[in-house]
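Results of the structural survey
If you want the building blocks of each chain, they are given just below.
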Amino acid sequence: MLVAASVVLLAALLILILKSKFLPGNIMAMLPLAIALIIGTGFTETLTMAHEGIVDVAAVVVMFIFATVYFGVMSDVGLFEPIIGRLMRIKGVGKSIFSVVAVAALIAMLAHLDGQGVTTLVVTVPPMLIVFDKLKIRRPLMALIFSTVVGCMNMLPWGGPVARAATVINMDVMELYKQMVPVQLIGLVLSFGVLFLASRQEQKRGEFTPSSEVSFGQVEVSEASEQVQALRRPKLFWFNLALTVVLLVLLFAGVPAHIGFIFGCAVALPVNYRSIKEQNARIKAHAGNLLIAVYTIVGAGVLLGIMEGTGMFEALATAIVSIIPPALSNYVHIILGLLSTPLSFLLNTDAMIYGILPVAVNIGAQYGVSAVTIAAMIISGRVIGAGLCITTPSVYLGLGLMQIDYKDGFKLVFKWALLLGSILVLLSALLVR
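What comes next concerns the included structure. These numbers were taken from a predicted model, which means no experiment stands behind them.

Scanning the chain from terminus to terminus reveals 20 helices and 0 strands. Accessible surface, the chain as shown: approximately 18,600 Å² in total, 66% of it carbon and sulfur.

Here is the structure:
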């Protein structure tokens, strides 16, 4: 019953998000509620699960609200223009789409050294979104960066999947990571290759405007309206830069992101805009970018709470492993590895690592396949699909920051993620023993 319910739920969820005109938040809140009641979960119990799911994503919601306001204010005051201008004046950058995408990918790589996807999003997306829009580069390419380059960076031992997998197979996390280093390095190289090919396809659309034609490297005041100029605070540039650097350092040092951005807004707003009226105006100006994303994240919380509370994730993971024919059991690690990328668009990291991996390890042991090999398969496939997992709240944070719909990101990312994930799975089968 749980397996059938989870399959119906996830299939309907994906179809409705991609094809219907309903808001994702509505779909993710109402669909699991209806399914849970149909399979016999009590009304009060179902609502309790939904509540617990919302509580679990509350910190993400708070962080998104204050991060959006903070970086919105920094954009208003003109903090990013000279920084990006210098970046874009590097020889060759801005002359092609790939040069801009590669710079964004490098920033994301550095930002992800702490293994925190939220930090990577808030460091990379807001400033680079200005560049993408200025040069008329489609925003879904940024989503591809997070599914490829950032996905490979998430193989770091403190990134999440590796640490969880090491716990499952009772292995030292650094020992597991050392075996996966070659896969990670090759994956990063291949990721830039994917970005190059995707950028070439985008360039053929003919909408790209090279930086030399728009004088992006030297933003002129005359380009901005009087209203925009009134918001600029050039005399506070160094203060705003120092405040942003301190905030990011605190995030990398382990301060919870939602707490950091609350204090960041508390300082940035009154310093740059002295009156309450001006501060309220800045918050209201960015509120339109907040509500839909917050709505979606809360809906994802309901979905996660109900699926986890009813045991749907665990049941689905066990069922997926059980359908593999005995004759193919010698290749279970490769089969599950190849399945892990498409499944990662549906199942979150905990479901993949704590649900599918333990069962796969037990089956593999019967046929002499090492636990470390199976773990590497699932990790390699998982990290590439995680960037657009519909049951991960931070995905909707990223989509909100990028200001794109899930279906737009999915249309571009899925084929490249499936290709790259499959290659990394096969590499892991060969290199990790």
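The periodicity of an α-helix, 3.6 residues per turn, causes residues three or four places apart in sequence to face the same way. Of all the 10 residues making up helix H19 (residues 393-402), 9 are buried; the element is thus mostly covered by neighbouring parts of the structure. Buried residues of H19: Pro-393, Val-395, Tyr-396, Leu-397, Gly-398, Leu-399, Gly-400, Leu-401 and Met-402, and no others. Just past H19, the residue Gln-403 takes up positive phi, approximately 60°.

As a further point, take a nonpolar patch on the surface. Residues Ile-186, Leu-190, Leu-419, Ile-423, Leu-430 and Leu-431 make up a contiguous nonpolar surface patch of about 490 Å² in total accessible area. The greatest single-element share of the nonpolar patch, amounting to 4 residues, is contributed by helix H20 (residues 406-431). If you trace the backbone, Leu-419 turns up in helix H20.

This paragraph deals with the pattern of salt bridges. Tallied over the full model, the rule gives 6 salt bridges. The partner of Glu-202 in a salt bridge is Arg-138, and the shortest N-O contact between them spans 2.8 Å. Of this pair, Glu-202 sits in helix H9 (residues 173-203) while Arg-138 sits in the loop between helix H6 (117-134) and helix H7 (140-153), and the two are 64 residues apart along the sequence. Using a relative accessible area of 4% as the deciding quantity, one classes Glu-202 as buried. Given the relative accessible area of 38%, Arg-138 is considered partly exposed. The salt bridge involving Lys-178 is made with Glu-175; its shortest N-O contact spans 3.6 Å. With a gap of 3 residues between them, Lys-178 and Glu-175 both fall in helix H9, about one helical turn apart. The exposed category is assigned to Lys-178, whose relative accessible area is 51%. What you see here is one network of salt bridges that share partners, running through Arg-138, Glu-202 and Arg-205.

A separate point is the environment of Val-246. Relative to the helices and strands, Val-246 resides in helix H12 (residues 237-252). A relative accessible area of 47% means that Val-246 is categorised as partly exposed. As for Val-246 and Gly-260, which are separated by 14 residues in sequence, their C-alpha atoms are 9.8 Å apart.

What follows concerns the packing of aromatic side chains. On inspection of all chains with the given rule, the structure shows 9 aromatic pairs. Seen in terms of ring centroids, Tyr-406 and Phe-410 are 6.0 Å apart; in terms of plane orientation they differ by 25°. Their pairing is stacked. Here Phe-410 and Tyr-406 lie together in helix H20, a separation of 4 residues that amounts to about one turn. Phe-410 carries the same exposure label as Tyr-406, and that label is buried. An aromatic cluster of three or more residues is present, and its members are Phe-345, Tyr-406, Phe-410 and Phe-414.

Positive phi values are uncommon outside glycine, yet Lys-136 reaches one of about 60°. If you trace the backbone, Lys-136 turns up in the loop between H6 and H7. Phi at Gln-403 is positive, roughly 60°, even though this residue is not glycine. Among the secondary structure elements, Gln-403 is positioned in the loop between H19 and H20.

Here the focus is the side chain of Ser-6. Within the fold, Ser-6 resides in helix H1 (residues 2-19). When near neighbours in sequence (up to four residues on either side) are disregarded, Ser-6 contacts Met-307, Met-312 and Leu-316.

As for its placement among the helices and strands, Thr-48 is situated in helix H3 (residues 43-76). Between the C-alpha atom of Thr-48 and that of Gly-309, which follows or precedes it by 261 residues, the distance is 9.1 Å.

Parameters at a glance
Residue indices follow the written sequence of each chain, beginning from 1 at its first position. Predicted model: local features are reported for residues with pLDDT of at least 70 only, side-chain atom pairs are reported and counted for 80 or more only, and whole-chain, interface and lining totals are derived from all residues. Remark: hydrogens and water are excluded; side-chain values derive from all non-hydrogen atoms of the structure. What counts as a helix is a DSSP run of H or I of at least four residues, what counts as a strand is a run of E of at least two, and both are numbered from the N terminus. Working definition of accessibility: Shrake-Rupley area with a 1.4 Å probe, residue cover restricted to the visible protein chains. Think of it in three bands: residues with accessible area under 20% of the maximum for their type are buried, residues over 50% are exposed, and the middle band is partly exposed, with areas taken using a 1.4 Å probe on protein chains only. Candidates for patches are residues over 30% relative accessible area with no salt bridge; among them, like charges are joined within 9 Å and nonpolar side chains (Val, Leu, Ile, Met, Phe, Trp, Tyr) within 5 Å. By salt bridge we mean one thing: a side-chain nitrogen of Lys or Arg within 4 Å of a carboxyl oxygen of Asp or Glu. We call Phe, Tyr and Trp rings a pair once their centres come within 6.5 Å, taking the six-membered ring for Trp, and we label the pair stacked below 30 degrees between planes, edge-to-face above 60, and tilted otherwise. Residues count as neighbours in contact if any of their non-hydrogen atoms are within 4.5 Å of one another.

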